[in-house]
Amino acid sequence: MRYSPHPKKAASFSDVVRFCPLGGFEEIGRNCSFYEYKNEIVVIDVGIQFPEEETPGIDYIIPNVSYLEPKKKNIKAIILTHGHYDHIYALPYLIEKLGNPIIYTAALTKAIVEKRMEEFPNLPKPRFQVVKDGDKVSLSENFQAEFFYIGHTIPDGIGFILTTPVGKMVSFGDFRVERDKHGNPIHTKSFEMLSNIDIHTAFIDSTSADIEGKSISEDTVKENIETLLKNATGRVIIATFSSLLTRIAAIFEIADRLGKKVALNGRSMKNNVQIAKALGYIKNPKGLEISMDEISKYKDDKIIILTTGGQGEPNAGLTRIANGEHKSVRLKPTDSVIFSSSVVPGNERSVQILQDNISRQVDEIYNYEFLDIHAGGHSHKEDIKLVIKMLARTKFILPIHGYYYKRKSLAKTAISMGIPKNNTFLIDNGQVCELTKDGFRITSEKVPANYVMVDGLGVGDVEEVVLRDRIMLSEEGMVVVITTIDRQSGRLLKNPDIISRGFIYLKDSKVLLDEIRAKMRNILTRIPFKQKPDPDYIKGLIRDQIGQLLYNRTKRRPMILPVLIEI
């Protein structure tokens, strides 16, 4: 049975649950949302987004929690669905703003967060309650949660049923339908359990909802990687995310079976593997793992290097190896390099440059486009159809995570599976929804959900105007005009000095320099005789008129920085 989205009567404050995403609904990453009922709030995930081309010099982008900060006493819980950085890594920057509530999450996620928090010794110690498949927890007077296992590319992923005064909300976090090598679904107990429950709204991951077919089996990936490792005549360097611990564990198992040694490269890779080994997720027989410094002690065909840097990050492990900057490893023609991860949107160019660099030094490069050596952690279209079919007693569907196009793809899939169009909703970051016992309404209210930039030690102090300046400098360059004038009369006392960075090569541009100096003299002669000059007014004239001159001559708009020296 399907239900109408329209409430039978106007909702009062007492029977409305509010839901709002603060990130993750118009991008990949920065996942963060909340449920609110009266004076109780439950926050779901607190992740980062990696910088884009439009955010030069930025380390991370984090959610804007300015709506939640004044209400931090109302925040009863944070639920972390799994240990990937786009769901947990903003915690150190926001935990105080959120009031340091109890964090409900699985053991592995807890350990990864604790390791991250060691880098911030002055912050309050997080308070955790570890949960596992089947656990039921009272988060507050009006919110209760039941947790269940979900498949992803990292162990200990959890979904949850959130029982609220208006009904049960189900969220899978990031998830995939796991399949065997023949394509048959496996580990579907959680979905089958949900088929017997009346669900108000299902919040479904849309990251790969636009991809036709079924997701690739992790067993297929393991088989293909094992084949490559068996046939390798030299060292094998495997680049993957340090958080893809399911894949990393499989590589350890394969290496042990083939009698090879594993060396870890990259700080986050070493940290995460150490955590996973301590919790029993990675089996590490004695002698299997060696340090990077020990590689030269073994034959090349016995070496596997697991490294970070598959996204072309400038200072990551694989990039340093490819650039010849690593103290222990130099690429050889006999090496094989495997990219066992997908490309994060926005990193395509940096990955291509990295692969080109490596191709000049080794004979064999493999990536997921040519061979099934990476299975994503998100359900494809046929997987989503299977899940929606199992959610037979669900009123409403809200696609979450990813760009609008991907979320709309999931909405179309839901409609094709019999969900009424009026019961499927698409919202953006900051939009507030009101959920009643029989209804789901997108309100006109919007809370702040704009980017908050982390730049070095600064959090939120890089505004859009700063980013515009950085982009302008990178695209058009800069011209500094240094002018010395008489403090009383405004007369020009010496020929203006001109400095150019990223705009023109001064030695080849004498004619243009002469024009700039002539224009400067013309500007300064406009100042009335014996009138004390206004520095801000003169700088504005220089900025506008020199900028117009340069545009007329070059069709480019460099940043103009006037420097006025008064004597």
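In short, a report on the structure.

Cut-offs applied
Residues numbered from 1 in each chain as written. Predicted model: local features only at pLDDT ≥ 70, side-chain atom pairs only at ≥ 80, totals over all residues. Heavy atoms only, no water. Helix = DSSP H or I, 4+ residues; strand = E, 2+ residues; numbered from the N terminus. Buried < 20%, exposed > 50% of the residue type's maximum accessible area, 1.4 Å probe, protein only. Contact = heavy atoms within 4.5 Å. Areas by Shrake-Rupley, 256 points an atom, 1.4 Å probe, with all protein chains shown as cover. Lys, Arg positive; Asp, Glu negative; His and termini not counted. Charge placed at Lys NZ, Arg CZ, Asp CG, Glu CD. Salt bridge = Lys/Arg side-chain N within 4 Å of Asp/Glu carboxyl O. Pairing = 2+ DSSP bridges. Axes fitted to C-alpha atoms, helices over the stretch in contact; angles between N-to-C directions. Patch = residues over 30% accessible without salt bridge, like charges linked within 9 Å, V, L, I, M, F, W, Y side chains within 5 Å. Phe/Tyr/Trp six-rings, centres within 6.5 Å; stacked < 30°, edge-to-face > 60°. Lys NZ or Arg CZ within 6 Å of the ring centre and 35° of its normal. Disulfide = S-S within 2.5 Å.

**Concerning the overall build of the protein chain**
In step 1: Of regular secondary structure, the protein chain possesses 14 helices and 26 strands.
In step 2: Buried residues in the protein chain amount to 53% of all 567 residues.
In step 3: Look at the contacts in the protein chain between residues 6 or more apart in sequence, and 72% of them connect residues 24 or more apart.
In step 4: Counting every atom, the protein chain has about 25,800 Å² of accessible surface; 50% of that belongs to carbon and sulfur.
In step 5: Separation of charge centres in the protein chain, based on 78 positive and 71 negative side chains, amounts to 2 Å.

**Looking at the pattern of salt bridges**
In step 1: For the coordinates displayed, the defined rule picks out 29 salt bridges.
In step 2: Here Lys381 and Glu212 are joined by a salt bridge, their closest N and O atoms 3.0 Å apart. On the criterion of sequence distance, the pair formed by Lys381 in helix α10 (residues 381-390) and Glu212 in the loop between β12 (199-205) and α5 (218-231) is long-range, its members being 169 residues apart.
In step 3: Taking relative accessible area as the criterion, Lys381 reaches 18% and is therefore assigned buried.
In step 4: Residue classification places Glu212 among the exposed residues on the basis of a relative accessible area of 55%.
In step 5: A salt bridge links Lys385 to Glu382; the shortest N-O distance between them is 3.4 Å. Here Lys385 pairs with Glu382, and both are found in helix α10, just three residues apart, close to one helical turn.

**A few points about the sheet that holds strand β24 (residues 478-485)**
In step 1: Here we have three strands laid out as an open sheet, ordered β25-β24-β26, and mixed in their pairing. In the strand order of this sheet, the two ends are held by β25 (497-501) and β26 (559-566), each with one partner. When strand polarity is set aside, the average angle formed by the axes of neighbouring strands in this sheet is 15°.

**Some remarks on α10**
Because the α-helix completes a turn every 3.6 residues, residues three or four places apart line up on one side.
In step 1: Every buried residue of α10 is accounted for by Lys381, Asp383, Ile384, Val387, Ile388 and Met390.
In step 2: On the buried face of α10, the contacting elements are α4 (189-194), β12 and α11 (404-416).

**Some remarks on a nonpolar patch on the surface**
In step 1: A cluster of nonpolar side chains, Leu493, Val563, Ile565 and Ile567, forms an exposed patch at the surface whose accessible area comes to about 320 Å².
In step 2: Within the secondary structure layout, Ile565 lies in strand β26.

**Some points on the environment of Pro124**
In step 1: If you trace the backbone, Pro124 turns up in the loop between α3 (107-117) and β7 (127-130).
In step 2: For Pro124, a relative accessible area of 27% corresponds to the partly exposed category.
In step 3: Sequence spacing of Pro124 and Asp534 is 410 residues, and the spatial spacing of their C-alpha atoms is 51 Å.

**Considerations on the packing of aromatic side chains**
In step 1: Applying the stated criterion across every chain yields a total of 16 aromatic pairs.
In step 2: Consider the rings of Phe148 and Phe172, whose centres lie 5.9 Å apart with planes at 70°: the pair is edge-to-face. Separated by 24 residues along the polypeptide, Phe148 in strand β9 (residues 144-149) and Phe172 in the loop between β11 (167-171) and α4 bring together distant segments of the chain. Here Phe148 matches Phe172 in class, with each residue buried.
In step 3: One aromatic cluster in this structure is built from Phe50, Tyr60, Tyr85, Tyr89, Tyr93 and Phe120.
In step 4: One residue, Arg116, lies across the ring of Tyr89, its end atom 3.9 Å from the ring centre.
In step 5: A cation over an aromatic ring shows up here: Arg557 above the ring of Tyr551, its NZ or CZ 3.9 Å from the ring centre.

**Structural notes on unusual backbone geometry**
In step 1: Unusually for a residue other than glycine, Arg30 sits at a positive phi of about 60°.
In step 2: You can see Arg30 is positioned in the loop between β1 (17-23) and β2 (32-37).
In step 3: By relative accessible area, which is 1% here, Arg30 ends up buried.
In step 4: Although it is not a glycine, His401 sits at a positive phi angle of roughly 70°.
In step 5: Tracing the sequence through the fold places His401 in the loop between β19 (394-400) and α11.

**Brief notes about the state of the cysteines**
In step 1: Under the criterion given, the structure shown has zero disulfides.
In step 2: In this model Cys32 remains outside any disulfide bridge; the closest cysteine sulfur is found in Cys20, 9.2 Å from its own.
In step 3: When its relative accessible area of 3% is taken as the criterion, Cys32 is described as buried.
In step 4: Lacking any disulfide linkage, Cys433 is separated from the closest cysteine sulfur, that of Cys20, by 7.6 Å.

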